[in-house]
Structures are given as structure tokens and as C-alpha cells.
Amino acid sequence: MASSHQASGIHAARLSAAEIADNFGDLHAPFDAHEATVAADRCYFCFDAPCMTACPTSIDIPQFIREIQGGHAESAAKTILNQNILGGMCARVCPTETLCEEVCVREVAEGKPVEIGRLQRYATDLLMEQDVHPFTRAASTGKKIAVVGAGPAGLAAAHRLAMKGHDVVVYEAKSKAGGLNEFGIAAYKSTNDFAAREVDWLLQIGGISIEYDKGFGKGLTLEGLKADHDAVFLSIGLAGVNALRTEGEDKEGVRDAVSFIEDLRQANDLTELSVGRNVVVIGGGMTAVDAAVQSKLLGAENVTIAYRRDRGAMGASRFEQDLAASKGVKLMFNVMPKAIHGNGASAEIELEYTEVVDGRVKGTGETTRLAADQVFKAIGQTLEGAPQGIDVTGGKIAVSETGRTSVAGVWAGGDCASGGEDLTVTAVAEGRDAAEDIHTSLMG
């Protein structure tokens, strides 16, 4: 009889606890003091720093690297956190290879950028390890603000508002705060329960309370929030999952990648988490890569990412693509699901080859089949639970540049709002900027 590692179907304990622990170690080892100094010495401290322009939160990157170079890591951390209060998590999960590091002068000239992300982690980790909060609250304004959703945008907004002296109540539909930082980021990117520890550290500012298991459809209404608070900030994320609309999608073994990653992130023992022998992930973004790589790390024998367009159109960066390949994940391009076959449970997936005509994906009629006892859907998420009466455009809450919605006194930011990319760092920027606009609006 085949061992659990070799057995077909979906099984737990495909690898030993020791193997899984090793597989899910930190993706990038943190710098020590000497390594950080050497890395900082490579920075040219450009006057017109393109890295700073590329950062969605506009962190003064040359300044914080200079502070690390001078031996003042705590000051560097404050420079970072002043713009991005979740700078510790962003240092771990930001696609720096397509943001600040991509435009680094060293990258352009030498093909090797200053390691901005790892330097940011070095500084913020040092400060957090001291259990020090670098900011203090202003005098109380007497204003009370509701934040719906304790993800990156909501937490950033809550912190900035509390710092300005407002009292903030955060309403979170789940039983833990953090949003995608807690539930949706690959476990090898955020180790040692970092997301939860960062939330606890952020709350040290004071003036913020969190009420769990509350959201729209869970006891909250927009009218009630407006009546009880001076302003409302919505950061409800994207709770819905797009369907494949493929024959056999309802078979056992087919599920959305987001829930798989959430189960993995919340598991106390990864050996108890079941994974298929042959796994196929449909999609081309970061979620697809995270689901595929983690399936492989759990012991899946064959893991394939199937994406309907070519490599260049993939949402996941080339770094993420190469990471997947380095872990043994196969990447297939220009294919889309046509049917999932099996007697009650998935056994094979039928993929149709595609071509792009006038920007639209079309099937060619030629198909291929892959063994697939587990299929993950990672083709995007949709807005669910938006309160009635608020304008929605393109499937997201319509907002101004400062996050104002169509309803007076209500702002929105993060993945649920129209505008920027669905990145943690972008959500932080939107939460921070909306908080500044809320403060200006309330205080005149």
C-alpha cells in the first residue's frame, strides 16, 4: 500500500513534521547588524530617489537606509513607520522586485538592487523586539470613528486616527484581526505569528478597540454606524470568490485557493492539513503562486499552475514565478479549464489551449488532460456585503483620491475600494490617506 506521500487522493501527513517545518521556514533570512550595514553601504542616497517614488506609501528610503548605515536602526524604523505603520509586514510581503527595488539605480546599472525590503525588515524588527511604540496620541478630540474591517487599510486608518486623538472602534467580521496579512499570505512569508504580533504592537498607540464577529450582515448597518460615530471608514476587503464556470466545478477536491491558504495559516499542525498528490491551481496572481508553492511544501507530488494568458501577462511577478519553479511547481501558459473529470471527486482536469485575439482570450479547440485530485481556484475575488446606497463601480466601492465614497461621512480603502493595486502596501497608503482626510473633515 502506498505511503501517504505517494498515495493518490487528498491526504494529510504527506511529509514528516520535521520536513514540513523545514519547508515552511522563513523565505528570506533576516539580516544581522553587520549584513545590514554592508547592504546599506550600497545605497547611493539619490537626491531624486526613484525608489521612494515607486513606493506606494512614499517611505523616505534613502533616509532610513542612511540611518541604518549610521547605526541608528530605531530611527530608521520610525522613518519607515511614519509613512507605513505596517512596515514590518510589508518588508516581508511587498513585491519589492516590481516596486522600489526594480527602479533602484543599482538594479538599473548592475542588475543587483539595494536590498530595500530586507533592510526595512531589519529596522522594523529591531524596534518591535524592544516592545516600543514610537508614536504617542494627540490630545483627545472627542470624536469617535468606526472602522469596518481590521485588514491593512483598516488598521492603518485606525492607527493614524488614534494618533491624532480620535477614539476608534474597529469592527471585524472574523475572530482575529489582520485581514489578508493574517489569513491570506503564504506561511513562509510571515512566520512566527508575525501578523498577530504586529497588530498587538500597533494597538499600543491606545484609543483603538476591536469588536470581533461584527460586520455587515453580522449586526452592523451603515445607518447605525453613521448615527453612532462621527465618521465611518470601510475596509471590508473582497470576500467573494470568482467561479470557474466549468463543468465539474462542484466535484469534491475543487475549492478556492483563498480558503486553502486561510486553513493553512490558521492550522496548529501542518501535518494535519490535507493536500492532493496531483494539484492544479487555476490562476496567475500571487494567490495562485502561494497556493501552488504551499501545496508542494506540504508534500504534493505534482503541482501545476495553469494560466490562460502568456507569462508576461501573469499577475505574479517574475520573482514569484521563479520561486514557484524553484520549488518544483510547473507553470503552464495559454491554457484554461474546460472540464473537471472524476466519479464524484476530481481525478483529472481538461485544459483547453488558448490564444489572445484583440485582447480577448479564446479557446483553440485543442485540449490536454492532467491528473488532478485537487484543484484550486485562484482567479480573483469579488466584493460582497457592501452596504446598500453606496456607489459601486467596476465591482468595487467608488471612492475619490482621498477615499471619500458617495455617502457623506463615509470613506473606504483597501481591496474593496476602486483605485490602486490589491497589495498590502497600497491598502496601508489608502487607509492612512483616508484617515488624514477624515481628520481634516472633522476638525475643519
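Preceding this section is the structure that the text describes.
Owing to the predicted nature of the structure, the values given are computational and were not obtained by experimental measurement.

(A) Just the side chain of Asp125, in detail. Within the secondary structure, Asp125 is located in helix H8 (residues 116–129). Asp125 gets classed as buried once you look at its relative accessible area, which sits at 12%. A distance of 3.0 Å separates a polar atom in the side chain of Asp125 from a polar atom in the side chain of Arg92. When neighbours within four sequence positions are excluded, Asp125 is seen to be in contact with Arg92 and Phe194.

(B) Region of interest: the packing of helix H5 (residues 73–83) against H8. Direction vectors running N to C along H5 and H8 enclose 105°, while the axes themselves pass 8 Å from each other. In this view, H5 runs roughly perpendicular relative to H8, as classed from their interaxial angle. Mapping the contact onto sequence places Ala73, Glu74, Ala76, Ala77, Ile80 and Leu81 in H5 and Gln120, Tyr122, Ala123, Thr124, Leu126 and Leu127 in H8. Taken together, the residues of the contact of H5 with H8 sort by class into nine nonpolar, two polar and one charged.

(C) Representation of the state of the cysteines. According to the stated counting rule, one finds zero disulfides in the structure shown. Left without a disulfide partner, Cys46 is nearest to the cysteine sulfur of Cys43, which lies 6.3 Å away. The thiol sulfur of Cys94 is not disulfide-bonded, and the nearest other cysteine sulfur, from Cys90, lies at 4.7 Å.

(D) Up close: the sheet that holds strand E15 (residues 374–377). As summarised here, the arrangement of the five strands in space is E7-E15-E9-E10-E11, forming an open sheet in which the pairing is parallel. Each edge of the open sheet carries a strand with a single partner, namely strand E7 (254–256) and strand E11 (330–332). Across the sheet, the mean angle from the axis of one strand to that of its neighbour is 20°, orientation sign disregarded. Where strand E10 (residues 302–306) and E11 come together, three bridges link them in parallel fashion. Residue pairing in the sheet places Ala306 in a bridge with Met332 of E11. Helix-sheet contacts for helix H13 (residues 257–266) involve E7 and E15, and the interaxial angle to E7 is about 75°.

(E) Here's a closer look at unusual backbone geometry. Even without glycine at this site, Ala13 takes up a positive phi of about 55°. Mapped onto the elements, Ala13 comes out in the loop between strand E1 (10–11) and helix H1 (17–23). For Asp131, which is not glycine, the phi torsion reads 55° and is therefore positive. Relative to the elements of secondary structure, Asp131 occurs in the loop between H8 and strand E2 (144–148). The exposed category is assigned to Asp131, whose relative accessible area is 54%.

(F) A look at the sheet that holds strand E19 (residues 410–412). Strand order across the open sheet formed by five strands is E4-E3-E2-E5-E19, with parallel pairing between neighbours. The sheet is open, and its two edges are formed by strand E4 (208–212) and E19, each paired on a single side. Each strand axis lies, on average, 20° off the axis of its neighbour in the sheet, ignoring direction. Sheet analysis places E2 next to strand E3 (residues 167–172), joined by five bridges and oriented parallel. Across the sheet, the residue bridging to Val147 is Val170, located in E3.

(G) Representation of the packing of aromatic side chains in the model. Taken as a whole and judged by the stated rule, the model has one aromatic pair. When the ring centre of Phe183 is taken as origin, the NZ or CZ atom of Lys174, which lies over that ring, is 4.9 Å away.

(H) Highlighting helix H2 (residues 33–40). Buried within H2 are the following residues: Ala36, Ala39 and Ala40. For H2, the angular spread of the buried residues around the axis is 95°, confining them to a single face. Of the surrounding secondary structure, the elements contacted by the buried residues of H2 are helix H4 (61–69) and H8. Its side-chain oxygen placed 3.2 Å from the backbone nitrogen of His34, Asp32 serves as the N-cap of H2.

(I) Structural detail: the pattern of salt bridges. As enumerated under the stated definition, the model contains 23 salt bridges in all. The salt bridge partner of Lys214 is Glu211, with a shortest N-O separation of 2.6 Å. Accessibility expressed as a relative area gives 31% for Lys214, which makes it partly exposed. The class of Glu211 is partly exposed, set by a relative accessible area of 29%. Two residues, Lys377 and Glu249, come together in a salt bridge whose shortest N-O distance is 3.1 Å. With a gap of 128 residues between them, Lys377 in strand E15 and Glu249 in the loop between strand E6 (240–241) and E7 connect regions that are remote in the sequence. You can call Lys377 buried: its relative accessible area is 15%.

About the cut-offs
- Residues numbered from 1 in each chain as written.
- Predicted model: local features only at pLDDT ≥ 70, side-chain atom pairs only at ≥ 80, totals over all residues.
- Heavy atoms only, no water.
- Helix = DSSP H or I, 4+ residues; strand = E, 2+ residues; numbered from the N terminus.
- Buried < 20%, exposed > 50% of the residue type's maximum accessible area, 1.4 Å probe, protein only.
- Polar contact = N/O pair within 3.5 Å; in protein donor to acceptor, adjacent residues only side chain to side chain.
- Contact = heavy atoms within 4.5 Å.
- Axes fitted to C-alpha atoms, helices over the stretch in contact; angles between N-to-C directions.
- Parallel < 35°, antiparallel > 145°, perpendicular 65-115°, else oblique.
- Nonpolar A, V, L, I, M, F, W, Y, C, P; charged D, E, K, R; others polar.
- Disulfide = S-S within 2.5 Å.
- Pairing = 2+ DSSP bridges.
- Phe/Tyr/Trp six-rings, centres within 6.5 Å; stacked < 30°, edge-to-face > 60°.
- Lys NZ or Arg CZ within 6 Å of the ring centre and 35° of its normal.
- Arc of directions from axis to C-beta.
- Salt bridge = Lys/Arg side-chain N within 4 Å of Asp/Glu carboxyl O.

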